[in-house]
Amino acid sequence: MAALAKVSIATVSRTINASPAVSEKLAQRVWQAIEQLNYFPNTHARSLVSGRSRILGIIVENITNPFFPELIASFEEIAVANGYEILVSSTNSNAQQLTNCVRRMLERKVEGVAVLTFGGEEPVLDQLEFHLEDPKVSTILLDYSKGIHAAVAHLIELGHTRIGFLAGPHTLHSAITRLNCFQQTMRESNLKVHKDWIIECDHTLKGGVTGFDKLMTLKTRPTALICSNDMTAIGVLRAVYMAGLRVPEDLSVIGLDDIDFAEFTLPPLTTIRLSRVELARAAFDALRLQAEEASNPTIQREFLVSTSLIVRGSTAAPGTSISSELPKRRSGDSLS
């Protein structure tokens, strides 16, 4: 291969290991030779020589939530483009499972692990002797306030004053943060926060259905709902339809995440975007810096990912208030 590319063996090795010491022109010749010879590098041998595995781990909360596969895909694309491989695991919101996931990855000699579970991970990391103030730990800060503030402002501009919130599980730091941001934004907007209109759900489609059904038992109800994630919001869209009502004519609905499926619901879902690409980039950059510049005391250890509002078809001016009597469900439909 070195002969075909007309470079030294050392240059081939540096190119494969993504060394910045190799010029772009030489690297291009090496990769052309690799492609021509259909060469597959022995990653195990490379790790023995270099002392680095070039493997990164990513642990997510729930692989069945479309947000997380989309996040993994973005993370893998960035990692592979930078010469890394990845290991993937899911905790299913179980603390013991998270412990097992981290231990397995450490046993595989990963160079870093991105724990993207959005809450409840601190006790587990402490148990594994990783602390947030540890120089080996980086933090990704998610700014929900910007997107939630934009969502409330959008509803107010449409004429809504009666706004409810379907919150996520109170065991998750992220869910509590989103709820706190909503309540603070409502107070700053001089709107009343109705405790009955804040309902805890479980971030699933069925959670959205259950949350909406609870609202329908109340005598007074909101004309708009902000949901703690898109899955909950999509569950609400189904529940509204099943109740013989319409979105947005009878109820405006806003989600949070902007999963790919959100723009294909009927109507398309207005949502607060939490960019998977930005989050994946922040996670990769944090791990790369820890792996490649660990001795640098000034490396960036905090990364901010913001949110923004994406307006689609599930929000409109308030219409007639939801009837106090629950309409009969559409014949032939089932919630199971």
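Structure report, in brief. Owing to the predicted nature of the structure, the values given are computational and were not obtained by experimental measurement.

Of regular secondary structure, the chain possesses 12 helices and 10 strands. Buried positions account for 46% of the 336 residues belonging to the chain. Restricting the contact set of the chain to residue pairs at least 6 apart, pairs at least 24 apart contribute 76%. Only carbon and sulfur atoms are counted for the fraction: they give 52% of the accessible area of the chain, which is about 17200 Å².

Moving on, we come to the side chain of N229. If you trace the backbone, N229 turns up in the loop between β7 (224-227) and α11 (230-242). Exposure remark for N229: the relative accessible area of 1% places this residue in the buried category. One polar contact links the side chain of N229 to the main-chain carbonyl oxygen of H203, over a distance of 3.2 Å. Apart from residues lying up to four places away in sequence, N229 is in contact with N65, R178, H203, G255, L256 and D257.

Between two packed helices, what matters for the description is the angle formed by their axes and the separation of those axes. Close contact between helix α8 (residues 144-158) and helix α9 (residues 173-188) brings their axes to 9 Å; oriented N to C, the two are set at 45°. Looking at the two axes, α8 sits oblique to α9. As α8 packs across α9, the resulting crossing turns out to be right-handed. The segment α8 lies against α9, with Y144, S145, I148, H149 and V152 engaging S174, T177, R178, C181, F182, T185, M186 and E188. Split into classes, the residues belonging to the contact of α8 with α9 amount to six nonpolar, five polar and two charged.

In this section: the packing of aromatic side chains. On inspection of all chains with the given rule, the structure shows three aromatic pairs. Their ring planes at 80° and their centres at 5.7 Å tell us that Y84 and F284 sit as a pair that is edge-to-face. Here F284 lies in helix α12 (residues 276-292) and Y84 lies in the loop between α5 (67-81) and β2 (85-90), a separation of 200 residues in the sequence. For the pair Y84 and F284, one class covers both residues: buried. Sitting over the face of the ring of Y84, R54 holds its NZ or CZ atom 4.3 Å from the ring centroid.

Hydrogen bonds along the backbone pair up the strands of a sheet, which may run parallel or antiparallel. With parallel pairing, three strands are arranged side by side in an open sheet as β2-β1-β3. In this open sheet, the two edge strands, each paired with only one partner strand, are β2 and β3 (112-116). Shown here is a sheet whose adjacent strand axes are inclined to one another by a mean of 20°, direction ignored. Two elements, strand β1 (residues 55-60) and β3, share five bridges in a ladder whose sense is parallel. Each residue of the ladder has a partner; that of V60, found in β3, is L116.

Next up on the list: the pairing of strand β8 (residues 252-257). Burial of β8 is extensive: six of the six residues sit out of reach of the surface. Here β8 shows two buried faces, one formed by S252, I254 and L256 and the other by V253, G255 and D257. Bridging between β7 and β8 involves three bridges; their strand directions are parallel. Its bridge partner lying in β8, L225 is registered against V253. Inspection of the sheet shows β8 paired to strand β9 (residues 270-274) by four bridges, in the parallel sense. Within β9, the residue paired with I254 across the bridge is T270.

Calculation rules
Residue numbering note: each chain is counted from 1, following its sequence as written. Given that the model is predicted, a residue must reach a pLDDT of at least 70 before its local features are reported, and side-chain atom pairs must reach 80 or more before they are shown or counted; all residues, however, enter totals for whole chains, interfaces and linings. Only hydrogens and water are set aside; all other atoms, that is, all heavy atoms of the structure, feed into the side-chain values. Counting from the N terminus, the helices are DSSP H or I runs at least four residues long and the strands are E runs at least two residues long. Burial status follows relative accessibility: with a 1.4 Å probe on protein chains alone, a residue under 20% of its type maximum counts as buried, one over 50% as exposed, and anything between as partly exposed. When checking whether two residues touch, look at their non-hydrogen atoms; a contact exists if any pair is within 4.5 Å. In short, Shrake-Rupley with a 1.4 Å probe defines the accessible areas, and a residue's cover is counted only from the protein chains shown. Under this definition, polar contacts are N or O atom pairs within 3.5 Å; protein pairs additionally need one hydrogen-donor-capable and one acceptor-capable atom, and for neighbouring residues in sequence, both atoms have to be side-chain atoms. For helices, the fitted axis covers only the stretch in contact; all axes are lines through C-alpha atoms, and the angles between them, taken along N-to-C directions, range from 0 to 180 degrees. Reported orientations rely on four angle classes, namely roughly parallel under 35 degrees, roughly antiparallel over 145, roughly perpendicular from 65 to 115, and oblique for the rest. Take the far helix as the reference: if the near one is turned anticlockwise from it by less than a right angle, the crossing is left-handed, and if turned clockwise, right-handed. In this count, Pro and Cys sit with the nonpolar residues alongside Ala, Val, Leu, Ile, Met, Phe, Trp and Tyr, while Asp, Glu, Lys and Arg are called charged and the others, Gly among them, polar. Aromatic pairs are defined between Phe, Tyr and Trp rings, using the six-membered ring for Trp, whenever the two ring centres lie within 6.5 Å; interplanar angles under 30 degrees are classed as stacked, those over 60 as edge-to-face, and all others as tilted. As a reminder, the over-ring test applies to NZ of lysine and CZ of arginine, requiring each to be within 6 Å of the ring centre and within 35 degrees of the ring normal. Paired strands, as defined in this entry, are two strands with at least two bridges between them according to DSSP.

Remember that the coordinates give geometry; whether it matters functionally is a separate question.
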